[in-house]
Amino acid sequence: MPRRQPPADLSALGLGTRLATAGREPRATARFVNPPVARASTILFPTLAALDAAIRAPDSGLYYGRRGTPGIWALEDALTSLEPGAAGTKLYPSGVAAISTALLAVLKAGDELLVTDSAYEPTRLFADQLLKPLGITTRYFDPRTCHITSDFTPETRAILLESPGSLTFEVHDLPAITATAKARGITTILDNTWATPLRLQPLALGVDISIQALTKYVGGHSDVMMGSATATAALWPRLCRAHYRLGMNVSPDDAALALRGLRTLGLRLDRHEASALAVARWLEAHPAVHSVLHPALPSHPDHALFTRDFSGATGLFAFVLKRGTRADLATFLDGLHHFGMGFSWGGYESLALPVDLAGCRSSTRTAFPGPLVRLSIGLEDAADLIADLEAGLTRYQAQFA
Ligand SMILES: *Cc1c(COP(=O)(O)O)cnc(C)c1O
C-alpha cells in the first residue's frame with residue numbers, strides 16, 4: 001500500500017498548474033487521475049511484523065480509518081502545497097471544528113485569548129461558552145488596531161484573527177500584528193475562509209495557523225461541509241495532537257468533493273471576484289445605497305492594507321441601505337430571482353442575507369442608517385444579478401414613497 005509522502009514542492013509553478021497538480025502523488029493515486037474513495041474503519045495488516053511496524057509509526061501509512069486514507073491525505077497535501085511555509089494540514093468536519101480545535105491545541109487554563117471583534121459569530125460563542133469554563137479568558141479587540149501591544153497581558157497566549165472580518169469586512173494589518181505577537185511568543189491563528197490561499201498567504205505574513213471553512217469556496221457547490229487548519233512546523237505537532245485526541249475525522253466522500261472543488265477554485269474565484277466587483281460598483285452608485293463594504297473598493301477604509309497584502313478579492317461583501325429596517329427588507333429580498341436566502345456562501349449560486357450585528361460585536365460600535373445586506377456573488381452573469389438587484393431596490397424604495 002502507498003506510504004505517505006511529504007507533499008511536493010510546487011512553489012515554482014503557476015497557480016493553475018499547482019491546482020491541477022497538488023495532492024496527486026502517483027504513489028497515492030496509482031494510475032487513477034483522482035485518488036480512489038476509500039471508505040474505511042479497519043485496515044488489515046498481513047503479518048504481526050507489519051502490525052508492529054505500523055504501531056511504531058502510525059502516521060507513516062495506512063493504520064486505522066481515523067488516521068486517514070489516501071484521498072484524505074491527497075486533500076491535506078494539496079492544501080499544504082498551496083501555502084508556502086506550511087508543515088502540514090489537518091481536516092475537520094466543519095470550519096467551526098477547525099477553529100475550535102486549533103484554539104484548544106494552543107490554549108490551556110489560565111491563558112488569555114484575544115479575538116478580533118469582527119470574528120465569525122460561532123467563534124465568539126465557542127470562546128465565551130466553552131473556553132471560559134475551562135479557565136481561558138477572551139478579550140475582543142478592534143480589528144483595525146494594528147499595534148495591539150496595549151491589549152496584551154502576561155497571560156495572552158493566542159490571537160484569533162479574521163481578515164476581512166465577517167459581515168463588516170475590516171482588514172487587519174497582519175504583518176504588524178504577527179510581528180508584535182511573535183516578539184512575545186504569542187500564537188496567531190487566522191480564519192482565511194474569505195480569501196483562501198489563492199488571495200492571501202497568511203503563513204508568509206507571519207501567521208502560525210491558517211484556517212479555512214472548505215464548506216465555502218473550496219467546496220464551492222454548497223454540498224459539503226469541511227474545515228482545514230494549516231500550520232507552521234513549530235505549531236504542527238500540537239495541531240496534530242489536538243486533532244487526534246478530539247477524534248476529528250472527515251468522510252472520504254466529502255474529501256473527494258472538496259478535492260474536486262479545489263481543482264477549479266482558481267477559475268471560480270476569478271469569476272466570483274469580477275462579478276462581485278461589478279455588482280459592488282453598481283450598488284455604490286445606487287441612490288438607495290448608503291455604503292458598500294468591499295475591501296477592493298477604493299472607498300473602503302482598509303483598501304490600502306488590502307491591496308498591499310492580498311493578491312485579489314473574492315465574491316462576498318455587504319452593503320448598507322440609506323433607510324428602513326430589517327422588516328422593510330422583505331420587499332427587496334422576497335422577490336429576488338437569482339439570490340437565494342440562506343446561510344453559508346462561496347457556492348456557484350448567489351445568496352443575499354440580511355445581517356443583524358447585535359450580539360456579534362462587543363468592543364466596537366457600527367452605526368448604520370439602514371439595514372445591512374450581505375451578498376455572496378455566484379457564477380451567474382453579473383448583468384442578470386444587477387438587473388435582479390435593480391428591480392429589488394426599486395421595490396424597496398417604493399414602500400417609502
Ligand atoms: C462559514 C464560516 C466558518 C465556519 O464554517 P462551517 O463549515 O460552516 O463550520 C468559519 N469562518 C467563516 C469566516 C465562515 O464564513
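Residues numbered from 1 in each chain as written. Predicted model: local features only at pLDDT ≥ 70, side-chain atom pairs only at ≥ 80, totals over all residues. Heavy atoms only, no water.

### So, the site of the ligand
- In the vicinity of the ligand lie 14 residues, with Gly95, Val96, Asp191, Thr215 and Lys216 positioned nearest.
- Between Gly95 and the ligand, the recorded distance is 2.8 Å, taken from a backbone N or O atom to an oxygen atom.
- Within the side chain of Asp191, a nitrogen or oxygen atom sits 2.6 Å from a nitrogen atom of the ligand.
- When the ligand is considered free in solution it has 380 Å² of accessible area, and contact with the protein chains removes 92% of it.
- At 3 residues, the largest contribution of residues to the shell around the ligand is made by helix H5 (residues 95-106).
- For the shell around the ligand, the per-class residue count stands at 6 nonpolar, 5 polar and 3 charged. (Near = heavy atom within 4 Å. Polar contact = N/O pair within 3.5 Å; in protein donor to acceptor, adjacent residues only side chain to side chain. Areas by Shrake-Rupley, 256 points an atom, 1.4 Å probe, with all protein chains shown as cover. Helix = DSSP H or I, 4+ residues; strand = E, 2+ residues; numbered from the N terminus. Nonpolar A, V, L, I, M, F, W, Y, C, P; charged D, E, K, R; others polar.)

### Examining the pairing of strand E3 (residues 137-141)
- Taken together, the 5 bridges between strand E2 (residues 112-116) and E3 define a ladder with parallel strand orientation. Looking across to E3, one finds that Leu113 is bridged to Thr138.
- Where the polypeptide runs from E2 across helix H6 (residues 121-131) and back to E3, its parallel neighbour, the crossover connection is right-handed. (Pairing = 2+ DSSP bridges. Right-handed = clockwise from strand over helix to strand, strands pointing away.)

### Details of the sheet that holds strand E9 (residues 316-321)
- Read across the open sheet, the 4 strands follow the order E8-E9-E11-E10; overall the sheet is antiparallel. Two strands in the sheet have a free side with no partner beyond their single neighbour: strand E8 (289-293) and strand E10 (351-355). The mean inter-strand angle of the sheet, taken between neighbouring strand axes irrespective of direction, is 25°.
- Where E10 lies against strand E11 (residues 372-376), 5 bridges are found, and the strand directions are antiparallel. (Axes fitted to C-alpha atoms, helices over the stretch in contact; angles between N-to-C directions.)

### Considering the domain arrangement of the protein
- Partitioning the protein into domains gives domain 1 (70-263) and domain 2 (265-398).
- Between domain 1 and domain 2, the C-alpha centre-to-centre distance is 25 Å.
- With 41 residues of domain 1 at the contact, the number on the domain 2 side is 42 residues.
- Where domain 1 abuts domain 2, roughly 3,500 Å² becomes buried across the two surfaces, and 57% of that area is made up of carbon and sulfur atoms.
- Between domain 1 and domain 2 we count 4 salt bridges in total.
- Salt-bridge contacts for Asp173 lead to Arg308; the nearest nitrogen and oxygen are separated by 2.7 Å.
- Where domain 1 meets domain 2, there are 26 residue pairs in polar contact (both at pLDDT 80 or more). (Domains from an automatic or database assignment. Contact = heavy atoms within 4.5 Å. Buried area = accessible area lost by both parts, 1.4 Å probe. Salt bridge = Lys/Arg side-chain N within 4 Å of Asp/Glu carboxyl O.)

### Some words on the environment of Met225
- Counting through the fold element by element, Met225 comes out in the loop between strand E6 (209-213) and strand E7 (227-231).
- Owing to a relative accessible area of 53%, Met225 belongs among the exposed residues under this scheme.
- Separated by 11 residues in the primary sequence, Met225 and Leu214 place their C-alpha atoms 6.8 Å from one another.
- The residues contacting Met225, other than those within four sequence positions of it, are Pro93, Thr215 and Asp254. (Buried < 20%, exposed > 50% of the residue type's maximum accessible area, 1.4 Å probe, protein only.)

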